[in-house]
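Examination of the molecular architecture
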Amino acid sequence: MVEPTAGGPRASIESAEELRKRALELQLVELERAEKINTRQAAKHAEFVEDFFRKHIGDNERAVIKRLVMKAAADGKYEAMVYSFPSSFCTDSGRAINNGVQGWQNTLQGRAREVYDLFETVARPQGYSLKAMVINFPEGIPGDIGFFLGWEPPVE
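All of the points below concern the structure found in this document. (Residues numbered from 1 in each chain as written. Predicted model: local features only at pLDDT ≥ 70, side-chain atom pairs only at ≥ 80, totals over all residues. Heavy atoms only, no water.)

Here's the deal with the pairing of strand S2 (residues 129–134)
Only one face of S2 is buried: it carries Leu 130, Ala 132 and Val 134, and the other face, with Ser 129, Lys 131 and Met 133, is open. Sheet topology note: the S2/strand S3 (residues 144–150) ladder contains six bridges and is antiparallel. Bridging across to S3, Ala 132 finds its partner in Phe 147. (Buried < 20%, exposed > 50% of the residue type's maximum accessible area, 1.4 Å probe, protein only. Helix = DSSP H or I, 4+ residues; strand = E, 2+ residues; numbered from the N terminus. Pairing = 2+ DSSP bridges.)

Here's the deal with the nonpolar core
Within soluble globular proteins, side chains that are nonpolar generally end up buried alongside one another. Val 82, Phe 85, Trp 104, Leu 108, Ile 145 and Phe 147 are the most contacted members of the largest nonpolar core, which totals 27 residues. For this core, the elements supplying multiple residues, two or more each, are helix H2 (59–74), strand S1 (79–86), helix H3 (95–99), helix H4 (110–123), S2 and S3. Here the element with the most residues in this core is H4; it accounts for six residues. (Core = buried A, V, L, I, M, F, W, Y, C linked by side-chain atoms within 4.5 Å.)

Describing the pattern of salt bridges
Two side chains of opposite charge can pair, provided their charged atoms sit close to one another. Here the structure, examined in full by the defined rule, presents eight salt bridges. In this structure, Arg 20 and Glu 17 form a salt bridge, with 3.0 Å as the shortest nitrogen-oxygen distance. Residue Arg 20 and its partner Glu 17 are located together in helix H1 (residues 16–54), separated by three residues, close to a single helical turn. Arg 20 gets classed as partly exposed once you look at its relative accessible area, which sits at 48%. The exposure class of Glu 17 is exposed, given its relative accessible area of 52%. (Salt bridge = Lys/Arg side-chain N within 4 Å of Asp/Glu carboxyl O.)

Comments concerning H2
Here H2 spans 22 Å end to end across 16 residues, near enough to the 22 Å set by a 1.5 Å rise per residue. Along H2, the residues that are buried comprise Ile 65, Val 69 and Ala 72. Down the axis of H2, the buried set is contained in an arc of 65°. They therefore lie on one face. For H2, exposure combined with an orientation more than 90 degrees from the buried face picks out Asp 59, Asn 60, Lys 66, Arg 67, Lys 71 and Ala 74. Residues of H2 that are buried in the fold lie against S1 and S3. One or two steps after H2, the chain reaches Gly 76, where phi turns positive at roughly 80°. (Expected span 1.5 Å × (residues − 1). Arc of directions from axis to C-beta. Contact = heavy atoms within 4.5 Å.)

That's the geometry; what it means functionally is another story.
Listed below in structure tokens is the structure:
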């Protein structure tokens, strides 16, 4: 009988234990990567929430809204989505908006409330309308809310 040599068939095959160890090491690397991504996303979300509830509508945001409206009008449209935010930022998680309940604006908080107030003081007096609606339903529950600014001519 011939014994396998150092360069023979047995030398190129790793043991099952070594393969399990390598698989575990790869899983640990992937878990660490996923944890870093989750940490970055959580920090980004926390910053968004802080920004949403603490900062005010600035000139840049007003300029973005104006550009959205002007682009929609140039495209022959009578409506543009000018703002969106998570429904969880409403005091009722967007239920009043989703169901078209009168007084839905009273559930708004933070910047969403500021955008609504800006509409009331600046846009409504100039003949604009504002529609709020749930724009997606992840897992069947209200997701994000969109504000749609309209300028359609009145029906006579």
